[in-house]
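Tertiary structure, described
Chain by chain, the residues:
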Amino acid sequence: MIFPDYHGGSIANLMSSIALAMGGWETGYQPLARLDRERLGRVRNLVLLVVDGLGYLHLKEQAPHSVLFHHCVDSLTSVCPSTTATAIPTFLTGLPPQQHGLTGWFTYFVEVGAILTVLPYTTRLGRMPIDDRELNPRRLSGVPPIYDRLAAQSHLVIPDWIAGTTFNRAFTGAGRLRPYRGGLPGMIQGIAGAVDAGKGRNFIYAYWPEFDSLSHQHGVGSAEVAVHLAALDQAFAGLVERLRGTDTQLLVTADHGFVDTTPERTLRLSAHPELAETLMMPLCGEPRLAFCYVHPDRTGQFERYVTDRLGEAATLCRSAQLLNAGRFGLGAAHPRLHDRIGHYALLMKENYIITSELPGERPLSHIGVHGGLSSHEMYVPLISLDCNA
């Protein structure tokens, strides 16, 4: 199992480098030694492109001759769990789950007595949108967007179907939204437009979601993903040329990587009624790292069942152990973090997943999955390019 390296090798440390370079904000995490701190501190434009789902090992193994890998200077670890719902808030706030308190696609918020799907910002049961005037995502997180702490002008180059969502609006802050459409050309145009528009120093955050969606649907090892990666690499090469001479440092990373699973490696809670009856509520977190809320009178039954029946597929761990070992971050924890990680965690082995469905939910059918602690999920690339060089 690969755990986050918050002492200098994670995406939280990358955000520390950016925060120091573009505004002098100390996040509490060391900056990356691999990046030229002096260069970042004087560059006019700093672009961070996040390619959702692009794992370091996948890039190294499947596209070793790509332009992207040619400019890859290091690998970083994601956060825990290695998933969009915990990593994207790290990019938007500059802080890992230890501080932002968002712990997976399904997170139980004890203060409102409900499991929410964090990024769509709906209730889990019924998928009902939540009125942000009554309960804003920033209130649940408790930390402001990074754009409110930077001295530079910030731009968010985001797909138009994401830009206006409740969650994204909540963490835009002082940043300027630049929604794009039209696929890769639209994103490249959006980044270039932000570079051209800014008069002073600019931090530009760009997000590309399609690698992730294709990997979920077809599998990260599929032909469809390979074709897309080639197109992404070509677009990246075009972006580099477009930014020549603009005093821009271009960084590319990801929120997580992927593994492919199979129906045989999919454990459904409905097939394990003895386990289900020990739980106080549905599984939370991620299918690759599930947080379990166990009835206090049935902890022994729960532990025995997991150890005896699921030992081949999962490692059982008390959630407090993960918290105390610093798996979610360093320093003072979010005041509700303990509540949001349950009593136990199931750390899934190899390419196993575990799921539970509520009424109205379709069984998970993803081929590509993430959220776990394998090297393919945890390691993401650090790509860095001085566009003036």
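Look up a bit, the structure's there.
These figures come from a predicted structure and were not determined experimentally.

The next subject is the sheet that holds strand β18 (residues 379-386). Strands sit in the order β2-β18-β9-β1-β8-β6-β7 across an open sheet of seven strands; the sheet is mixed. Either end of the sheet is taken by a strand with one partner, and the two such strands are β2 (72-77) and β7 (176-180). Direction aside, neighbouring strands of the sheet carry axes that sit 20 degrees apart on average. Of the strands in this sheet, β1 (45-51), β6 (153-159), β7, β8 (202-208) and β9 (248-253) are in contact with helix α10 (residues 183-197), which crosses β8 at around 175 degrees.

Turning to helix α14 (residues 299-309), a few remarks are in order. Among the residues making up α14, those that are buried are F302, Y305 and V306. All buried residues of α14 fall inside an arc of 95 degrees around its axis, so they share one side. What points out from α14, more than 90 degrees from its buried face, is the exposed set R304, T307 and D308. Taken together, the buried residues of α14 touch α13 (273-276), β13 (289-292), β14 (314-318) and β15 (344-348).

Attention now moves to the packing of helix α11 (residues 210-218) against helix α12 (residues 223-242). Running from N to C, α11 and α12 point in directions that differ by 165 degrees, and their axes come no closer than 9 Å. If you check the angle between α11 and α12, you find them roughly antiparallel. For the crossing formed where α11 meets α12, the hand is left-handed. Contacts from E210, F211, L214, S215 and H218 in α11 reach E224, V225, H228 and L229 in α12. For the contact of α11 with α12, a count of residues per class yields four nonpolar, three polar and two charged.

Right, let's talk about the packing of aromatic side chains for a bit. Counted according to the given criterion, the structure contains eight aromatic pairs. With 6.4 Å between their ring centres and 15 degrees between their planes, Y180 and W208 make a pair best called stacked. Of this pair, Y180 sits in strand β7 while W208 sits in strand β8; the two residues are 28 residues apart in sequence, bridging distant segments of the chain. Measuring from ring centre to ring centre gives 4.9 Å for F302 and Y344, while their planes differ by 45 degrees; the resulting arrangement is tilted. One end of the pair, F302, is in helix α14; the other, Y344, is in strand β15, and 42 residues separate them in sequence. Both residues of the pair, F302 and Y344, count as buried.

What counts and how
Residues numbered from 1 in each chain as written. Predicted model: local features only at pLDDT ≥ 70, side-chain atom pairs only at ≥ 80, totals over all residues. Heavy atoms only, no water. Pairing = 2+ DSSP bridges. Helix = DSSP H or I, 4+ residues; strand = E, 2+ residues; numbered from the N terminus. Axes fitted to C-alpha atoms, helices over the stretch in contact; angles between N-to-C directions. Contact = heavy atoms within 4.5 Å. Buried < 20%, exposed > 50% of the residue type's maximum accessible area, 1.4 Å probe, protein only. Arc of directions from axis to C-beta. Parallel < 35°, antiparallel > 145°, perpendicular 65-115°, else oblique. Left-handed = near helix turned anticlockwise from the far one by under 90°. Nonpolar A, V, L, I, M, F, W, Y, C, P; charged D, E, K, R; others polar. Phe/Tyr/Trp six-rings, centres within 6.5 Å; stacked < 30°, edge-to-face > 60°.

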